Amino acid sequence: MAVLRSGVHAPQQPTPRGSKVRRWLGHLFREWAVESWRPIAPAFAKPEPSKWSDTQVTLAWLGHSTVLVNFCGVTILTDPVLFSRVGIRLPGITIGPKRLTAPALHFHDLPHIGVILLSHAHFDHFDLRTLRRFDETTRVITARSMSDLLKRTRFSNITELDWGETKTLSAPAGEMVVAAFPVKHWGARTQHDTYHGYNGYLIERNGHRIIFAGDTAMTESFAALRRQGPIDVAIMPISAYNPWIQSHSTPEQAVQMANAAGARFVVPVHHQTFRLSFEPFREPIERFEAALSKTPERIALREIGETFVLPL
């Protein structure tokens with residue numbers, strides 16, 4: 001298994017007030033008592049990647065932070081999570097949140113994935129049940145010190161990137177460059193985890209650039225990305241800010257960061273999929289739309305399953 005390793009950052013862990021944490025834990029317990037009986041709503045639409053052109057940039061939001069991208073012939077999947085629950089896996093059961101909305105595509109619906117981008121190790125972004133479905137022909141770009149979590153997968157080409165590092169990937173359709181940049185989040189998978197990293201990514205191919213922000217609170221690091229050239233699309237998280245504002249951005253802050261990067265279009269993700277915080281189901285997307293009310297044409301996607309083709 002080929003792994004590239006790099007430097008170390010001190011962990012940035014969120015510090016919400018104890019009362020909010022206790023309130024949230026109580027909420028989770030109550031939800032757990034009823035969630036097993038709750039149906040999962042279907043996705044708004046079902047993408048048809050077999051019909052996408054390899055000469056264009058096409059994106060579909062599959063749910064949460066999972067976005068399928070055909071980047072001019074290179075197929076990318078971000079933070080793939082396709083099962084009904086995320087969390088700690090025990091024999092025959094997963095202890096953790098249940099989906100509110102089904103994924104727009106299941107594993108058997110996916111095209112061959114050339115590259116998986118993993119932003120960090122949190123269970124709602126790094127789902128081993130999903131990752132174990134892929135074989136050795138799919139390459140993985142992940143944050144620093146994350147390869148230990150992938151030992152029981154079939155991946156054979158794993159690259160760890162630290163902030164400021166880049167990787168050039170060669171494919172039959174041509175080269176693609178992936179650069180890791182700092183975000184304001186944290187990467188621990190367990191309580192005493194102090195070494196797993198967390199990244200945002202800037203990917204570039206054929207003169208086009210896409211940002212995948214992963215998870216982040218408000219940070220100034222996006223402004224530096226516009227120096228790399230025009231940004232076509234920014235994939236930005238917009239929920240889980242109440243009470244986790246230390247590590248998640250509000251919809252308005254997500255727009256501010258995308259604007260700082262100079263993004264032409266914005267894909268809002270990390271909402272409508274799992275109940276990870278207290279804000280109402282539709283609040284993040286409604287606030288996001290309000291923040292872009294003067295330029296609504298910049299909103300690339302709104303609902304799980306929608307597809308966006310970058311205008312030429």
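Everything that follows concerns the structure shown earlier in this document.
On a predicted model such as this, the values are computed, not experimentally measured, just so you know. (Residues numbered from 1 in each chain as written. Predicted model: local features only at pLDDT ≥ 70, side-chain atom pairs only at ≥ 80, totals over all residues. Heavy atoms only, no water.)

Undergrad: Quick question: what am I supposed to make of the pattern of salt bridges here?
TA: Oppositely charged side chains can pair when the atoms bearing their charge come close. Across all of its chains, the model carries seven salt bridges by this definition. For the salt bridge of K46 with D109, the shortest nitrogen-to-oxygen distance reads 3.6 Å. With a gap of 63 residues between them, K46 in the loop between α1 (18-35) and β2 (57-63) and D109 in the loop between β6 (93-95) and β7 (115-117) connect regions that are remote in the sequence. Here E252 and R287 are joined by a salt bridge, their closest N and O atoms 2.7 Å apart. Of this pair, E252 sits in helix α3 (residues 251-261) while R287 sits in helix α4 (residues 283-291), and the two are 35 residues apart along the sequence. The network of salt bridges with shared partners includes E252, E283 and R287. (Salt bridge = Lys/Arg side-chain N within 4 Å of Asp/Glu carboxyl O. Helix = DSSP H or I, 4+ residues; strand = E, 2+ residues; numbered from the N terminus.)

Undergrad: Help me understand the sheet that holds strand β12 (residues 200-205), please; the structure alone is not making it clear to me.
TA: Through backbone hydrogen bonds, the strands of a sheet pair up, either in parallel or in antiparallel fashion. Strand order in this open sheet of six strands is β10-β11-β12-β13-β14-β15, and the pairing throughout is mixed. Each having just a single partner strand, β10 (166-171) and β15 (263-269) make up the two edges of the open sheet. Taken pair by pair, the neighbouring strands of this sheet meet at an average axis angle of 20 degrees, ignoring direction. Relative to strand β13 (residues 208-212), β12 is paired through five bridges, and the arrangement is antiparallel. (Pairing = 2+ DSSP bridges. Axes fitted to C-alpha atoms, helices over the stretch in contact; angles between N-to-C directions.)

Undergrad: Mind showing me how you'd approach the packing of aromatic side chains here?
TA: Any aromatic ring pair is given by two values, namely how distant the centres are and how the planes are angled relative to each other. As enumerated under the stated definition, the model contains five aromatic pairs in all. Consider the rings of F107 and F134, whose centres lie 4.9 Å apart with planes at 75 degrees: the pair is edge-to-face. Within this pair, whereas F107 is found in the loop between β6 and β7, its partner F134 is found in the loop between α2 (128-131) and β8 (139-143), the two being separated by 27 residues in sequence. Where F181 meets F222, the ring centres are 5.2 Å apart and the plane angle is 75 degrees; that geometry is what we call edge-to-face. Here F222 lies in the loop between β13 and β14 (231-237) and F181 lies in strand β11 (residues 174-181), a separation of 41 residues in the sequence. For F181, a relative accessible area of 5% translates into the label buried. We classify F222 as buried; its relative accessible area is 1%. The structure contains a cluster of three or more aromatic residues connected by ring pairs, namely F107, F134 and F155. (Phe/Tyr/Trp six-rings, centres within 6.5 Å; stacked < 30°, edge-to-face > 60°. Buried < 20%, exposed > 50% of the residue type's maximum accessible area, 1.4 Å probe, protein only.)

Undergrad: How should the environment of W61 be read in this particular structure?
TA: Structurally, W61 is set in strand β2. As for W61 and V267, which are separated by 206 residues in sequence, their C-alpha atoms are 8.3 Å apart.

Undergrad: Which parts of the structure should I look at to understand a nonpolar patch on the surface?
TA: Judged by side-chain polarity, I88, L90, I93 and I95 come together as a nonpolar surface patch covering roughly 330 Å² of accessible area. Inspection of the secondary structure puts I88 in strand β5 (residues 88-90). Look at I88 and you get partly exposed, because its relative accessible area is 48%. (Patch = residues over 30% accessible without salt bridge, like charges linked within 9 Å, V, L, I, M, F, W, Y side chains within 5 Å. Areas by Shrake-Rupley, 256 points an atom, 1.4 Å probe, with all protein chains shown as cover.)

Undergrad: Can you walk me through the nonpolar core in this structure?
TA: If you look at the biggest cluster of nonpolar residues, it comprises 55 residues, and the most contacted ones within it are F71, I76, I116, L117 and V178. Per-element tally for this core: the top contributor is β2, with five residues. Those residues in contact with I76 that sit more than four places away from it in its chain are V67, L68, V69, F71, I113, V115, L117, M176 and I203. (Core = buried A, V, L, I, M, F, W, Y, C linked by side-chain atoms within 4.5 Å. Contact = heavy atoms within 4.5 Å.)

Undergrad: Just to check I follow, could you spell out the environment of W52 for this structure?
TA: Looking at the element boundaries, W52 is found in the loop between α1 and β2. For W52, a relative accessible area of 14% translates into the label buried. Through-space distance from the C-alpha of W52 to that of G73 is 9.3 Å; in sequence the pair is 21 residues apart. Discounting residues that sit within four places of it in the chain, W52 has contacts with P47, T58, L59, A60, L68, N70 and T307. One polar contact links the side chain of W52 to the main-chain carbonyl oxygen of E48, over a distance of 3.3 Å. (Polar contact = N/O pair within 3.5 Å; in protein donor to acceptor, adjacent residues only side chain to side chain.)

Undergrad: Looking at this structure, I do not really get the side chain of T75. What am I missing?
TA: With respect to the helices and strands, T75 occurs in strand β4 (residues 74-78). With relative accessibility at 15%, the residue T75 sits in the buried group.

Undergrad: I keep staring at unusual backbone geometry and nothing clicks. Help me out?
TA: Note: most residues except glycine have negative phi, and most peptide bonds are trans. Between N242 and the following residue, P243, the backbone shows a cis peptide bond with an omega angle of 15 degrees. Positionally, P243 belongs in the loop between β14 and α3. With phi around 35 degrees, D79 is a residue other than glycine that occupies positive phi space. As for its placement among the helices and strands, D79 is situated in the loop between β4 and β5.

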